[in-house]
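Residues per chain, in single letters:
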Amino acid sequence: MADNCETEAEHENNVHCLMIVGTATNVGKTVLTAAICRLLYRDHGLQPVPFKAINISNNSIALDNNAELSRAQYVQSVASSLAPHACMNAVLVKPGAPATQVLVNGRPLPQDQGASLYRNTKLLDDTINNAWEELLRHTATNRHRTTADTRRLIG
């Protein structure tokens, strides 16, 4: 496998990874990532695949299959000219009272399973890795398929 590839799917799809990090919340990581996705797609002919392993947000959008995706990853998928996919956001944590809701690949977990996911790091790692692998498979087979809404938003 290539030096920058960690999984077989990354190697098979010639994936190069770029990580965007910031020092705090609300510092522009999402906007910067969307801008980079757009530049890579439009100016360089590359197909970026936005992925956020864990997101804590109450801002989500329902996809065609009724799965939920955070709005941040939805905007990034639009910038990438990819149809949004729930695996772009492996774990979505929606804080709330009286309970926090945990979604895995867009689907809510029962309350007791959501709490145990964070106590079991192996399970959390497996969940995130499985979402990444599924997203790579999905984008490899649907590379140039976008929804009409996505095309309109991209311009």
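Here we summarise the structure given alongside this text. Here the structure is a predicted model, which means the values were calculated and not measured.

Cut-offs and rules
Residues numbered from 1 in each chain as written. Predicted model: local features only at pLDDT ≥ 70, side-chain atom pairs only at ≥ 80, totals over all residues. Heavy atoms only, no water. Helix = DSSP H or I, 4+ residues; strand = E, 2+ residues; numbered from the N terminus. Buried < 20%, exposed > 50% of the residue type's maximum accessible area, 1.4 Å probe, protein only. Areas by Shrake-Rupley, 256 points an atom, 1.4 Å probe, with all protein chains shown as cover. Phe/Tyr/Trp six-rings, centres within 6.5 Å; stacked < 30°, edge-to-face > 60°. Core = buried A, V, L, I, M, F, W, Y, C linked by side-chain atoms within 4.5 Å. Contact = heavy atoms within 4.5 Å.

## So, the overall build of the chain
Counting secondary structure elements, the chain contains 6 helices and 6 strands. Traced from its N-terminal end to its C-terminal end, the chain shows the element sequence α-α-β-β-β-α-β-β-β-α-α-α. The 155 residues of the chain split such that 37% are buried. Approximately 9,300 Å² of the chain is accessible, and the part contributed by carbon and sulfur atoms is 53%.

## A few points about the packing of aromatic side chains
On inspection of all chains with the given rule, the structure shows 1 aromatic pair. Judged by centre distance (5.1 Å) and plane angle (55 degrees), the ring pair of F51 and W132 falls under tilted. Separated by 81 residues along the polypeptide, F51 in the loop between α2 (29–44) and β1 (52–56) and W132 in helix α5 (residues 121–141) bring together distant segments of the chain.

## A short note on the nonpolar core
V91 and L117 are the most contacted members of the largest nonpolar core, which totals 22 residues. Looking at this core, the elements with two or more residues in it are α3 (71–79), β4 (89–94), β5 (101–104) and α5. The dominant element in this core, judged by the number of residues it contributes, is α5, at 6 residues. Excluding its chain neighbours within four sequence positions, the residues that come into contact with L117 are V91, V102, V104, L109, L123, L124 and T127.

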